[in-house]
Structure formats: C-alpha cells, structure tokens
Amino acid sequence: MKKTCLIACILTLCLLVTSCGYTIVDTSKIEDYATTFDRAFQDTELDQPAIMKISTSPSDGEIVQYYAKCIDELPLGERVQILLSVKYNSEAFEKETERISAISQANPVLYDTEHFQYPAYVSSIGYLNACEYVLVDSDNSTLHYVVLQSVLAEDIVFDASYLPSGYTDYGEVEGMKHTIYYRLLDLETLD
C-alpha cells in the first residue's frame, strides 16, 4: 500500500513539474516589436544570433509582420517562435541580403532554394531543436526572419508557408541539418 501511494505521489509530482509553463511573450502586434523581440530571442539556444541582428530605420524599411511567442516550459526549457517580416527599399534590401550571405566564413550560411517557399539563408536547422533562417522575397523586397525552437508543427502561430517543407516536431527538418554555431555542436561534426 505504501509503495502504491509513493508511486502515485511521484507520478503526480512529475506531471506537475513537466506541465509547469508560463508565457513570457505572446504577440502579433508590430508596435510590440521593440519591447518583446529581445526577450523572446534571448531564450533560444542560439546565443549569438547571427542572422537576427537586424537594424531597420524608417529610411531603410518597415516591419510589415511580426509574431513572437515564447513559453518557458519548466524544467524542459523554452519554446520560441518568431516571425519578423521587413520590407526594405531596394538599396537596403541588397545590403541586408549581402550581410546575411557573408555571415561566418568558417561555416557559411546555407543558401537553400529547395525546402522553402522562397529562397532562404539558413544559419541553423535541425540542431538542438532550433531553426534560424531568412526567407528572401525579392519581388517585394521583403525578408522574413524566422526563429523556431522546440515548437510542434501544430503549435506554430504564423502561416505554415513560412516553414521549410519536411518540418517535423521540435525543429527537425527531413533531409536538412546545418548550423553555423559551432559551440552548439558540442564537437559534433557537420554533415
């Protein structure tokens, strides 16, 4: 009897601990970008955000779409999803795409035209349940910056067309594995 009661208490405690979660950021308002973006991004495993270090000014471009959601899942970690779409003037668009393509000489950003709706610059996909990439919509001079970490496909809050084909749960993408973040690999070799 004592053993059954102890097992029931342990199971209840485990369920309580793993279901503890609270939302840190949950917004789709463009005007919230300045106050929520850094908070949502700092909870990712990508501690040196190469692609996401963008700067926009009214003369360069404007934010046309923004979603950010960050849930702290104690003790499992954070679930983060960010979509930031910026429409640039043509000069700033060229400058920003050049900046992104030149990131990390040791392990360059991957340029992919097969797995996404638009051509994409991928800095991380399939490692530590995290994805970081930029979709390039040249026709509209718009860049769509995307960060996902530990997010189930059915929990994505923005349009699924911004996801790579083959996206499976928690950031794995069938047939893709790449990262420029060597520290995150823990000495694992790249494919």
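The paragraphs below set out a description of the structure included in this document. Predicted model only: the values in this text are computed from it and were never measured.

**Considerations on the pairing of strand E5 (residues 120-127)**
Piece 1. The buried count for E5 comes to eight of eight residues, which makes it a mostly enclosed element.
Piece 2. Examined bridge by bridge, strand E4 (residues 110-112) and E5 share three bridges and lie antiparallel to one another. Each residue of the ladder has a partner; that of Asp112, found in E5, is Ala120.
Piece 3. Alignment of E5 against strand E6 (residues 130-137), held across six bridges, turns out to be antiparallel. Each bridged residue has a counterpart across the sheet, and for Ala120 the counterpart in E6 is Leu135.

**Overview of the nonpolar core**
Piece 1. Judged by nonpolar contacts, the single largest core of 26 residues is most densely connected at Tyr66, Leu84, Tyr88, Leu143 and Tyr145.
Piece 2. Every element with two or more residues in this core is listed here: helix H2 (33-41), strand E2 (61-73), strand E3 (77-88), helix H3 (90-101), E6 and strand E7 (142-149).
Piece 3. Examining the composition of this core, we find that five residues originate from one element, E3, more than from any other.
Piece 4. Not counting the four nearest positions on each side in its chain, Leu84 is found in contact with Tyr33, Ile54, Ile63, Gln65, Tyr66, Leu143, His144 and Tyr145.
Piece 5. In terms of nonpolar packing, the next biggest core, distinct from the first, is built from 18 residues, Ile125, Val146, Val173 and Met176 among them.

**Observations regarding the pattern of salt bridges**
Piece 1. Scanning the entire structure with this criterion turns up two salt bridges.
Piece 2. A salt bridge links Arg79 to Asp155; the shortest N-O distance between them is 3.2 Å. With Arg79 in strand E3 and Asp155 in the loop between E7 and strand E8 (178-179), this residue pair connects regions lying 76 residues apart in the sequence.
Piece 3. Under the relative-accessibility criterion, Asp155 is labelled partly exposed at 30%.
Piece 4. A salt bridge links Glu96 to Arg99, with the shortest nitrogen-to-oxygen separation between them at 2.8 Å. Of this pair, Glu96 and Arg99 both sit in helix H3, three residues apart, which is roughly one turn of that helix.
Piece 5. Taking relative accessible area as the criterion, Arg99 reaches 27% and is therefore assigned partly exposed.

**Quick notes on the side chain of Glu96**
Piece 1. Owing to a relative accessible area of 9%, Glu96 belongs among the buried residues under this scheme.
Piece 2. Here Tyr145 takes part through its side chain, which lies 2.7 Å from a polar atom of the side chain of Glu96.
Piece 3. When neighbours within four sequence positions are excluded, Glu96 is seen to be in contact with Ile54, Tyr88, Leu143 and Tyr145.

**Some details on the environment of Tyr167**
Piece 1. The topology assignment puts Tyr167 in the loop between E7 and E8.
Piece 2. Those residues within four positions of Tyr167 in sequence are excluded, and the remaining contacts are Cys131, Leu148, Val151, Ala153, Ile156, Glu172 and Val173.
Piece 3. Within polar-contact distance, the side chain of Tyr167 engages the backbone oxygen of Val151 at 2.7 Å.

**Considerations on unusual backbone geometry**
Piece 1. Positive phi, normally seen in glycine, also occurs at Ser141, with a value near 50°.
Piece 2. Following the sequence through the fold, Ser141 ends up in the loop between E6 and E7.
Piece 3. Overall, the relative accessible area of 15% leaves Ser141 in the buried class.
Piece 4. Although it is not a glycine, Ser150 sits at a positive phi angle of roughly 55°.
Piece 5. Topologically, Ser150 is positioned in the loop between E7 and E8.

Rules used in this analysis
Residues numbered from 1 in each chain as written. Predicted model: local features only at pLDDT ≥ 70, side-chain atom pairs only at ≥ 80, totals over all residues. Heavy atoms only, no water. Buried < 20%, exposed > 50% of the residue type's maximum accessible area, 1.4 Å probe, protein only. Helix = DSSP H or I, 4+ residues; strand = E, 2+ residues; numbered from the N terminus. Pairing = 2+ DSSP bridges. Core = buried A, V, L, I, M, F, W, Y, C linked by side-chain atoms within 4.5 Å. Contact = heavy atoms within 4.5 Å. Salt bridge = Lys/Arg side-chain N within 4 Å of Asp/Glu carboxyl O. Polar contact = N/O pair within 3.5 Å; in protein donor to acceptor, adjacent residues only side chain to side chain.

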